[in-house]
Every structure is written in C-alpha cells, then in structure tokens.
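Chain by chain, the residues:
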Amino acid sequence: MGIIKQAQDYFKEKNIDQWQNGYPNEEVINNDIENEESYVMIKDDKIVATTVISFKEESCYENIIDGKWLTNGDYGVIHRIAVGKTYKGLGLSHKIIKYAEKICLEKGVPSIKVDTHEDNIPMQGLLKKNGFEYCGVVYLEDGGKRVAFEKNFSTEV
C-alpha cells in the first residue's frame, strides 16, 4: 500500500486525476491478491513495484469508441503498475510489461490490453515504447474516461 500511496501522491502532484479519491484502496489490493492477479517486484529484499496481470475480460473494454481493438480474442490485462519513488527511472515498469508478455505467451494468449488516464503521458509513453498501439477510448464503470492500448503478439504465440 505504501507504493500505491506514493503513486497516488505522484499523480496528484502532476495534476493527473487518476487513482485519486481513495482508489485503489486496501480492499481492491486484497481482492487482487485473493484472485491471484497481484504481482510484486522485489529488489534488495524490498517490494519496489506492484502490478496486476489478469486474464478476465474487462466489461468496459466491450465498448471502445473513436477506434477499435487490434484483436477480438483472448487477451491479458495489465492494471495498476506502480513503482516506488526511489526506484523510478530504473526501467522497472518496462520489466513489468515484459514479464506480463511472458506470462501471456506461456498461456498462449495473443495480446495485452491496457487503459490509462488521458493525462497520464508517462504511462502512454511507456506503452508506446513497448510496442503498444493506441486503440481508442473506453469508459470505466464509474464513468471515468480512459485511453486504451493493445499489443498484439499473436505471431509469437
């Protein structure tokens, strides 16, 4: 939760209206753990980053506007990448994405989908740098607007 709080503070400092108003909270993170979708990165015997890698369909991904998904079949989803502030700039988010790709390939899943806040330019840059393509806009259950990206590596499966 400390890393999540640091990410929330970072977004607030950068005027990015993502992960504010108490989200994600301890209940959300505990659900991620119970669903066996929560992953942490350990360095120097400390948790330095966290993410969720899920293979459940996202209902909000069914209605994409101003574009379309690259694929229509099975996909993985990356949620809630957060890196501790003293470990930013070390390429850990890139390693998280590569690990998610590895898990997808092992499961024979040909793509990964991700959504992020339209003002979260650092995440959008990370996604593009890692071969993700902008696909359109999705709206979360709470009405929040998110830009959607997908990476298709079906030729590698």
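Here, every reference points to the structure presented above.
An account of the accompanying structure is given in this report.

About the criteria used
- Residues numbered from 1 in each chain as written.
- Predicted model: local features only at pLDDT ≥ 70, side-chain atom pairs only at ≥ 80, totals over all residues.
- Heavy atoms only, no water.
- Buried < 20%, exposed > 50% of the residue type's maximum accessible area, 1.4 Å probe, protein only.
- Helix = DSSP H or I, 4+ residues; strand = E, 2+ residues; numbered from the N terminus.
- Arc of directions from axis to C-beta.
- Contact = heavy atoms within 4.5 Å.
- Polar contact = N/O pair within 3.5 Å; in protein donor to acceptor, adjacent residues only side chain to side chain.
- Pairing = 2+ DSSP bridges.
- Expected span 1.5 Å × (residues − 1).
- Phe/Tyr/Trp six-rings, centres within 6.5 Å; stacked < 30°, edge-to-face > 60°.
- Lys NZ or Arg CZ within 6 Å of the ring centre and 35° of its normal.

## Some words on helix α2 (residues 26–34)
Here α2 has its buried residues at V28, I29 and D32. In a view along the axis of α2, the buried residues occupy a sector of 95°, so they form one face of it. When the buried face of α2 is taken as reference, the exposed residues oriented beyond 90 degrees from it are E26, E27 and E34. Taken together, the buried residues of α2 touch α1 (2–13), β1 (38–43), β2 (46–54) and β3 (76–83). For α2, the capping residue at the N-terminal end is N25, with a side-chain oxygen 3.1 Å from the backbone nitrogen of E27. Where α2 ends, the next residue or the one after it, E36, has phi of about 55°, a positive value.

## Quick word on the environment of Y134
Its place among the elements puts Y134 in strand β5 (residues 133–139). Taking the relative accessible area as the measure of exposure, Y134 reaches 43% and is therefore partly exposed. Taking the C-alpha atoms as reference points, Y134 and Q124, 10 residues apart in sequence, are found 8.7 Å from one another. Contacts of Y134, omitting those with residues within four sequence positions, involve V147, A148 and F149.

## Here we look at the pairing of β5
Where a strand is regular, its side chains alternate between the two sheet faces. One ladder, built from six bridges, connects β5 with strand β6 (residues 145–152); its direction is antiparallel. The partner of E133 across the bridge, within β6, is E150.

## Focus on α1
Compared with the 16 Å implied by 1.5 Å per residue over 12 residues, the 16 Å span of α1 between its first and last C-alpha is a close match. For α1, the secondary structure elements touched by its buried residues are α2, β2 and β3. Phi for N15, located one or two positions after α1, is positive at around 60°.

## What about the packing of aromatic side chains?
Pairs of aromatic rings are described using the distance from one ring centre to the other and the angle between the two planes. Here the structure, examined in full by the defined rule, presents six aromatic pairs. A ring pair is formed by F11 and W19, whose centres lie 5.6 Å apart and whose planes are at 85°; its orientation type is edge-to-face. A centroid spacing of 6.2 Å and a plane angle of 35° characterise the contact between Y61 and Y75, whose relative ring orientation is tilted. Highlighted residues: Y61 in the loop between β2 and β3 and Y75 in the loop between β2 and β3, separated in sequence by 14 residues. Taking the relative accessible area as the measure of exposure, Y61 reaches 3% and is therefore buried. Within the aromatic cluster, the residues linked to one another by ring pairs are Y10, F11 and W19. Positioned above the aromatic ring of F55, the side-chain terminus of K107 is 5.1 Å from the ring centre.

## Details of the side chain of T71
With respect to the helices and strands, the residue T71 is situated in the loop between β2 and β3. Looking at T71, its side chain comes within polar contact range of the side chain of S111, at 3.3 Å. In this structure the side chain of T71 is engaged in a polar contact, spanning 2.4 Å, whose partner is the side chain of E150.

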